[in-house]
Each structure stands twice: as structure tokens, then as C-alpha cells.
Amino acid sequence: MSAITNWDPLRELDELQGRLSTLFGRAPVRKEGERQEALRVAEWAPLVDITEDTKEYLVKAELPEVKKDEIKISVQNDVLVLSGERKYEKEEKDKKYHRIERAYGSFSRSFTIPEDADPEKVSAEFKEGVLHVHLPKSDRAKPKSIAVKVS
């Protein structure tokens, strides 16, 4: 015989909220009245801003505690790929850890390059934990002014 289970839609909404928080890299939400938080190890992916001006597209990726040598940038088939690894700090035996929320490990982010960008001229710089990837616009994509003579 099968057991009867109670359906609690609010519990399912709470579970969905927790899963979405984890998906977007946020700490799980503690429910009112709960003493303990759920401990989860989230997969890590750097946060990225992409902006555009008349000359180029700029991709800025937050990479705290990642060494410059551990970042790889590649462009293949009109896709920009940022990858690397943030290594876990050495665990010390005489330290007591109360909370570890920062995620570590390998990451990979990929972005389709816009048609008006020139993948041959991609450049990058890394300073203060932020990677700046410059995607210059191709010369054919830049607007040209043509004077019209009126007669």
C-alpha cells in the first residue's frame, strides 16, 4: 500500500527560491525560525559586464584571487572564451572554519562575438582582480560621413 503525502506548495516555492539563489551565485536564504543554514558548495563563474562604445566592445570580468597566469582567453568560430581556475586556499589544521561561502575551482564563460567586432584584434589586460577584454569594432562597421552636394 502506498503512503499518503501532504502537498505543501509554499515549501516547494522555498525550495525553488533556494535553487535559483544557488544558480545565480547567491548564498542560500535562511528561513525564519531555522537555526541552521543549508551548506552548499556553489559552482563558481565570474560576474561579467559587457559595454559598447563607438570604437569597441569591452568585457569586464571579476576574477578576485585569480593569478594572471591562470587565465586563458581564446577566440574561435566567433566565440570569446574566458577560462581559468581560482584555487582553494591551503587549509590549515590549527584553524577552525566557521563559514566558507566563496566558491573555488575551474570556470569557463563564453560569449558570441558581435558581427561588427574584429576577432583578430582582441586584446586584454588584468589589474586589481578585473580582466578587461577589448573587442575593437572592424573598420567596415564604423560609420562614415558622406557629404551630399546640392545643386
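One can find the structure itself at the top, above this paragraph.
These figures come from a predicted structure and were not determined experimentally.

Procedures and definitions
Residues numbered from 1 in each chain as written. Predicted model: local features only at pLDDT ≥ 70, side-chain atom pairs only at ≥ 80, totals over all residues. Heavy atoms only, no water. Helix = DSSP H or I, 4+ residues; strand = E, 2+ residues; numbered from the N terminus. Buried < 20%, exposed > 50% of the residue type's maximum accessible area, 1.4 Å probe, protein only. Areas by Shrake-Rupley, 256 points an atom, 1.4 Å probe, with all protein chains shown as cover. Core = buried A, V, L, I, M, F, W, Y, C linked by side-chain atoms within 4.5 Å. Contact = heavy atoms within 4.5 Å. Pairing = 2+ DSSP bridges. Axes fitted to C-alpha atoms, helices over the stretch in contact; angles between N-to-C directions. Phe/Tyr/Trp six-rings, centres within 6.5 Å; stacked < 30°, edge-to-face > 60°. Lys NZ or Arg CZ within 6 Å of the ring centre and 35° of its normal. Patch = residues over 30% accessible without salt bridge, like charges linked within 9 Å, V, L, I, M, F, W, Y side chains within 5 Å. Salt bridge = Lys/Arg side-chain N within 4 Å of Asp/Glu carboxyl O.

S.K.: How would you explain the overall build of the protein if you had to name every residue and give the values?
M.R.: A tally of regular secondary structure across the protein gives 1 helix and 7 strands. Walking the protein from its N terminus toward its C terminus, one meets helices and strands in the order α-β-β-β-β-β-β-β. Burial status across the protein gives 23% buried among its 151 residues. About 13,000 Å² of surface is accessible on the protein, with carbon and sulfur atoms providing 50% of the total.

S.K.: Report on the nonpolar core, specifying residues and quantitative values.
M.R.: With 18 residues, the main nonpolar core has Val 59, Leu 63, Leu 80, Leu 82, Leu 131 and Leu 135 as its most contacted residues. Of all the secondary-structure elements, those providing two or more residues to this core are β2 (56-62), β4 (79-86), β5 (105-112) and β7 (130-136). In this view, Val 59 contacts Val 48, Asp 49, Ile 50, Leu 80, Leu 82, Leu 131, His 132, Val 133 and Leu 135; residues no more than four positions away in its chain are not counted.

S.K.: Quick rundown of the pairing of strand β3 (residues 71-76)? Include the residues and the values.
M.R.: Where β3 lies against β4, 6 bridges are found, and the strand directions are antiparallel. Each residue of the ladder has a partner; that of Ser 74, found in β4, is Val 81. Hairpin connection of β3 to β4: 2 residues between the antiparallel strands, including Asn 77 at a positive phi of 50°.

S.K.: I'd like to hear about the sheet that holds strand β6 (residues 123-127), residue by residue, with values.
M.R.: The 4 strands lie next to each other as β1-β2-β7-β6, forming an open sheet whose pairing is antiparallel. Only two strands of the sheet have a single neighbouring strand rather than two, namely β1 (48-52) and β6. The average angle at which neighbouring strand axes cross in this sheet is 15°, direction not considered. Across 7 bridges, the pairing between β2 and β7 is antiparallel. From the neighbouring strand, Leu 58 faces β7, where its bridge partner is His 134.

S.K.: Give a detailed account of the packing of aromatic side chains, specifying residues and quantitative values.
M.R.: Across all of its chains, the model carries 0 aromatic pairs by this definition. Directly above the aromatic system of Tyr 104 lies the positively charged group of Arg 86, at a separation of 5.4 Å from the ring centroid. Above the plane of the ring of Tyr 57 lies Lys 137, whose end atom (NZ or CZ) is 5.2 Å from the centre.

S.K.: Any chance you could break down a nonpolar patch on the surface for me, citing the residues and the numbers?
M.R.: A cluster of nonpolar side chains, Leu 10, Leu 13, Leu 16 and Leu 20, forms an exposed patch at the surface whose accessible area comes to about 390 Å². Along the polypeptide, Leu 20 turns up in helix α1 (residues 9-23).

S.K.: Now, about the pattern of salt bridges: what can you tell me, with residues and values included?
M.R.: Tallying each qualifying case throughout the model produces 3 salt bridges. Note that Glu 52 and Lys 137 form a salt bridge whose closest N and O atoms lie 2.6 Å from each other. Pair noted here: Glu 52 is in strand β1 and Lys 137 is in the segment after β7, with a separation of 85 residues, a long-range link. The partner of Lys 121 in a salt bridge is Asp 118, and the shortest N-O contact between them spans 3.9 Å. Asp 118 sits in the buried class, given a relative accessible area of 16%.

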